[in-house]
Amino acid sequence: MSDRLPGFSTLAVHAGAQPDPTTGARATPIYQTTSFVFNDADHAASLFGLQSFGNIYTRIGNPTNAVLEERVAALEGGTAALAVASGHAAQVVVLQQLLQPGDEFIAARKLYGGSINQFTHAFKSFGWNVVWADPDDITTFERAVSPRTKAIFIESIANPGGSITDIEAISTVARKAGVPLIVDNTLASPYLIRPIDHGADIVVHSLTKFLGGHGNSLGGIIVDAGTFDWSTGGKYPMLSEPRPEYHGIRLQETFGNFAFAIACRVLGLRDLGPALSPFNAFMILTGIETLPLRMQKHCDNAKAIAEFLAGHPAVASVSYAGLPGDKYNQLARKYAPRGAGAVFTFSLKGGYDAGVSLVSKLQLFSHLANVGDTRSLVIHPASTTHSQLDDAAKIKSGAGPDVVRLSIGIEDKEDLIADLEQALSA
Ligand SMILES: *Cc1c(COP(=O)(O)O)cnc(C)c1O
């Protein structure tokens, strides 16, 4: 072996995987089993007491999932990762390690619609209070910090408008407040942005989107950067205090720079239960092998389509950070030099009715609530994903009534442009 550190594309194909030691199988097998035989009683006891690592039961860990975890940790530059059943499950498991009832976390207002719902309603019933801030005005994050703040949550490339968040500026606020920065990196994927390089302490993904990439399997993942000291000030008792579930061990003291990933597994996933199916882990691993190729094509197509729309007479405006002159173009050049992602919005001169009508006339674009598929997708957020918000909140989160969101696939861009052309002129 040479001393060279493997590059991103090599890691996307190989990280975490080895030929199967018993059969020689080269692709990672699907270990479709609920449970694993112990060597003897001592082995079983040491696994249950966290004195040794190994497989017990697929709700807590599985060898197929472990390859996925190691691969995404490598691609993101983290110390360890935990795969779970969905992106939303990842968010619940992360915050459960950080917040006690009555605590607060600060979240950027520009988020996936489902996350806005989860934070506003479901988390409130756990006693976790979200405080919203504006990612375009860093002072709103500074002002939102209180003694009960336990974390800051942002998206790297934000739904629905594809805006780019100034991760470094917000990580400075988090560091000053003594709380971890959580970055949802779903729309960028580590091919475009590696948030840990810019100060993130925890990265979460919906693997359902670009990482899996084919619109066929749900999944989520949590990546621990290993950067945060959980022991200061007793703010994070799940990590710093003795755990009664495990003979009184302290997770930070025992596991050091991957204590957060361990907490998510042995306290979060074990007790809340949103385990990823090994079959889905296999599908997502296969998707990740082509992530660099797909992501570049997604971005190149998106830029061509954004340029086409910007020159179309029926279009009022295009919000794509990859366009020179876009409000987020400077941030895109800094954080995502390979491309500004493939999810963006544009608005129609004809307003709400024109948006609804365009969606119904497109043929190659599928009208559905997903992003990051090989296929191109379209949705009208105001009547669907963001419909629960009032008009002011819709506009603030980038989902005004005239806005249409595209997720550009990897088809031939000429065919996508022709489809948009016929639907816009109809
Ligand atoms: C889809 C999505 C989620 C939620 O992920 P699921 O896998 O659907 O649970 C979270 N954040 C972003 C940015 C997403 O696009």
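This text gives an overview of the structure that appears in the document. Sequence order as written defines residue numbering, which begins from 1 separately in each chain. Given that the model is predicted, a residue must reach a pLDDT of at least 70 before its local features are reported, and side-chain atom pairs must reach 80 or more before they are shown or counted; all residues, however, enter totals for whole chains, interfaces and linings. To obtain the side-chain values, all non-hydrogen atoms of the structure were used and water was disregarded.

Some details on the packing of helix α13 (residues 291–310) against helix α17 (residues 413–425)
Each axis is a line fitted through C-alpha atoms, taken for helices only over the stretch in contact, and angles between the N-to-C directions span 0 to 180 degrees. Under the scheme used here, helices are H or I runs from DSSP no shorter than 4 residues and strands are E runs no shorter than 2 residues, and both carry numbers assigned from the N terminus. Axis separation between α13 and α17 bottoms out at 10 Å; the angle between their running directions is 30 degrees. It follows that α13 is roughly parallel to α17 by the angle criterion. The element α13 and its partner α17 pack so that their crossing is right-handed. Judged by residue contacts, Asn301, Ala304, Ile305, Phe308 and Leu309 of α13 engage Lys413, Leu416, Ile417, Leu420, Glu421 and Leu424 from α17. Gly falls in the polar group here, along with every residue not listed as nonpolar (Ala, Val, Leu, Ile, Met, Phe, Trp, Tyr, Cys, Pro) or charged (Asp, Glu, Lys, Arg). Per-class residue counts for the contact of α13 with α17 are eight nonpolar, one polar and two charged. An angle below 35 degrees is read as roughly parallel, one above 145 as roughly antiparallel, one from 65 to 115 as roughly perpendicular, and any other as oblique. Crossing handedness is defined as follows: a turn of the near helix away from the far one that is anticlockwise and smaller than a right angle gives a left-handed crossing, while the clockwise case is right-handed. In this description, contact between two residues means that some pair of their heavy atoms is separated by no more than 4.5 Å.

Regarding the sheet that holds strand β7 (residues 181–184)
Read from one edge to the other, the open sheet built from seven strands follows the order β1-β9-β8-β7-β4-β2-β3, with strand pairing classed as mixed. On the outer flanks of this sheet lie β1 (80–84) and β3 (129–133), each paired with one strand and no other. This sheet shows a mean twist of 20 degrees between the axes of neighbouring strands, independent of strand direction. Any two strands with at least two DSSP-identified bridges between them are counted as paired. Pairing geometry for strand β4 (residues 149–155) and β7, over four bridges, is parallel.

Digging into unusual backbone geometry
For the peptide bond that leads from Asn159 to Pro160, omega is -15 degrees, which places it in the cis range. Locating Pro160 in the fold gives a position in the loop between β5 (157–158) and β6 (163–164). One non-glycine residue, Leu50, adopts positive backbone phi at about 65 degrees. Structurally, Leu50 is set in the loop between α2 (41–48) and α3 (63–76). The buried category is assigned to Leu50, whose relative accessible area is 17%. A positive phi is found at Ser189, a non-glycine position, where the angle reads about 65 degrees. Position of Ser189 among the secondary structure elements: in helix α8 (residues 189–192). For every residue, the accessible area obtained with a 1.4 Å probe (protein chains only) is divided by the maximum for its type, and the residue is called buried under 20%, exposed over 50%, and partly exposed between those limits.

With respect to the packing of aromatic side chains
When two rings of Phe, Tyr or Trp (its six-membered ring) have centres within 6.5 Å they constitute a pair, described as stacked for plane angles under 30 degrees, edge-to-face for angles over 60, and tilted for the intermediate range. Per the stated rule, a full pass over the model turns up 18 aromatic pairs. Centre to centre, the rings of Phe38 and Phe48 are 6.1 Å apart; their planes meet at 65 degrees, and the pair counts as edge-to-face. You can see Phe38 sitting in the loop between α1 (8–14) and α2 and its partner Phe48 sitting in helix α2, a full ten residues away along the chain. Aromatic pair Phe105 and Phe119: ring centres 5.0 Å apart, planes at 85 degrees, arrangement edge-to-face. Of this pair, Phe105 sits in strand β2 (residues 104–108) while Phe119 sits in helix α5 (residues 113–125), and the two are 14 residues apart along the sequence. As far as burial versus exposure is concerned, Phe105 and Phe119 are alike and both buried. Every member of this aromatic cluster is reached through a ring pair, and the members are Phe105, Phe119, Phe123, Phe126, Trp128, Trp132 and Phe153. One Lys or Arg, Lys209, reaches over the ring of Tyr112 and ends 4.6 Å from the middle of that ring. Both a distance and an angle decide whether a charge sits over a ring: NZ of Lys or CZ of Arg must be within 6 Å of the ring centre and within 35 degrees of the ring normal.

Things to note about the site of the ligand
Nearness is defined per residue: one heavy atom within 4 Å of the molecule or strand is enough. Among the 14 residues in the neighbourhood of the ligand, the closest are listed as Gly87, Asp184, Ser206, Thr208 and Lys209. The backbone of Gly87 places a nitrogen or oxygen atom 2.9 Å from an oxygen atom of the ligand. Against a free-state accessible area of 380 Å², the protein chains account for coverage of 93% of the ligand. Of all the elements, helix α4 (residues 87–98) adds the most residues to the shell around the ligand, at three residues. The definition of a polar contact used here is a pair of N or O atoms within 3.5 Å, where within protein one atom must be able to donate a hydrogen and the other to accept one, and adjacent residues in sequence count solely through side-chain atom pairs. For accessible areas, the Shrake-Rupley method is used with a probe of radius 1.4 Å. Any residue's cover is judged against the shown protein chains and nothing else.

Brief notes about the nonpolar core
By convention a nonpolar core is built from buried Ala, Val, Leu, Ile, Met, Phe, Trp, Tyr and Cys residues, the set being connected through side-chain atoms within 4.5 Å. Within the largest apolar cluster, 127 residues are counted, with the highest numbers of intra-cluster contacts made by Leu68, Leu98 and Leu309. By convention here, the domain bounds are inherited from an automatic or database domain assignment. Structurally, this core is a two-domain feature, drawing no fewer than three residues from each of domain 1 (17–287) and domain 2 (292–425). Those residues in contact with Leu68 that sit more than four places away from it in its chain are Ala83, Leu207, Ile221, Leu276, Ala281, Ile284, Leu285 and Ile288.

Quick word on the side chain of Asn159
With respect to the element layout, Asn159 can be found in the loop between β5 and β6. The buried category is assigned to Asn159, whose relative accessible area is 3%. Of the polar contacts made by the side chain of Asn159, one reaches the side chain of Arg405; its length is 2.8 Å. Once residues lying within four places of it in the same chain are set aside, the contact partners of Asn159 are Lys110, Leu111, Tyr112, Leu187, Ser397 and Arg405.

Points about the packing of α4 against helix α11 (residues 259–272)
Orientation of α4 relative to α11, taken along the N-to-C sense of each, is 110 degrees, at an axis distance of 9 Å. With respect to α11, the axis of α4 lies roughly perpendicular. Seen from α4, the contacting residues are Val92, Val93, Val94, Gln96, Gln97 and Leu98; seen from α11, they are Phe260, Ala263, Cys264, Leu267, Gly268, Leu269 and Leu272. Residues belonging to the contact of α4 with α11 are distributed by class as follows: ten nonpolar, three polar and no charged.

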